[in-house]
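# Close look at the chain arrangement
Take a look at the letters that make up each chain.
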Amino acid sequence: MFDFFYQLKGEADGLRVNNPGLTDFTADMWLGGTATLCASLLPGLLGDDRLLRVTSYAYFDYTDSNHNSTQTIHLFTTNLSYNFTETGKTSISVEYQNGTDRDRPEKLNLVTLNVKY
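Residues numbered from 1 in each chain as written. Predicted model: local features only at pLDDT ≥ 70, side-chain atom pairs only at ≥ 80, totals over all residues. Heavy atoms only, no water.

## A word on the overall build of the protein chain
Under the convention used in this document: Secondary structure elements are defined from DSSP: runs of H or I of at least 4 residues count as helices, runs of E of at least 2 residues count as strands, and each element is numbered from the N terminus. Contact criterion: two residues are considered in contact whenever any of their non-hydrogen atoms come within 4.5 Å of each other. Each accessible area is a Shrake-Rupley result for a 1.4 Å probe, and residues are judged covered by the shown protein chains and nothing else.
Within the protein chain, the secondary structure is distributed over 1 helix and 6 strands. Long-range pairs, those at least 24 residues apart, make up 44% of the contacts in the protein chain with a sequence separation of at least 6. Working note: accessible area of the protein chain is about 8000 Å², and carbon and sulfur atoms make up 55% of it.

Listed below in structure tokens is the structure:
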């Protein structure tokens, strides 16, 4: 048993940086998008949406005012979570990220454990 949906989202994010510091960013734009797959694993056996997997891949180009690509980033994220209650108020999840975050231009290779109660 397996339920899923996917989402494709294109994005354009303009920015203006008065003091670029170490980033070298100026008044330019991020262009790209994100593909996301959300899957509910064993929905009939465990109850509705108790075991969820969400995976996404983001790709963005930083373009300057002359429309030249000056930086490209990729970010792969996958998350596996289990809701102990049907409402999801108590859950545990593990998330893995690999690539570069668009908001903080730094390399990521990160595993995170989250507990909600």
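Once the structure has been displayed, the description carries forward.
## Some remarks on the nonpolar core
Note the cut-off: Put simply, buried Ala, Val, Leu, Ile, Met, Phe, Trp, Tyr and Cys residues joined by side-chain atoms within 4.5 Å make one nonpolar core. For the exposure calls, accessible area comes from a 1.4 Å probe over protein chains only, and a residue counts as buried if that area is under 20% of its type's maximum, exposed if over 50%, partly exposed in between.
Within the largest apolar cluster, 7 residues are counted, these being Trp 30, Ala 58, Phe 60, Tyr 62, Ile 73, Leu 75 and Leu 108. Every element with two or more residues in this core is listed here: β3 (51-63) and β4 (69-83). At 3 residues, β3 tops the list of elements feeding residues into this core.

## Examining the pairing of strand β6 (residues 107-116)
The cut-off we apply is this: When DSSP finds two or more bridges between a pair of strands, those strands are recorded as paired.
Here β6 lies mainly on the outside; 1 of its 10 residues are buried. Bridge count for strand β5 (residues 91-100) against β6 is 10 bridges, and the pairing is antiparallel. In the strand pairing of β6, Gly 99 is matched with Leu 108.

## Overview of the packing of aromatic side chains
Applied cut-off: Any Phe, Tyr or Trp ring, taking Trp's six-membered ring, that has another such ring centre within 6.5 Å forms a pair; planes under 30 degrees apart are called stacked, those over 60 apart edge-to-face, and the others tilted.
Per the counting criterion, the structure on display carries 2 aromatic pairs. Between Tyr 82 and Phe 84 the ring centres are 5.1 Å apart and the planes differ by 85 degrees, which places this aromatic pair in the edge-to-face class. Phe 84 gets classed as partly exposed once you look at its relative accessible area, which sits at 45%.

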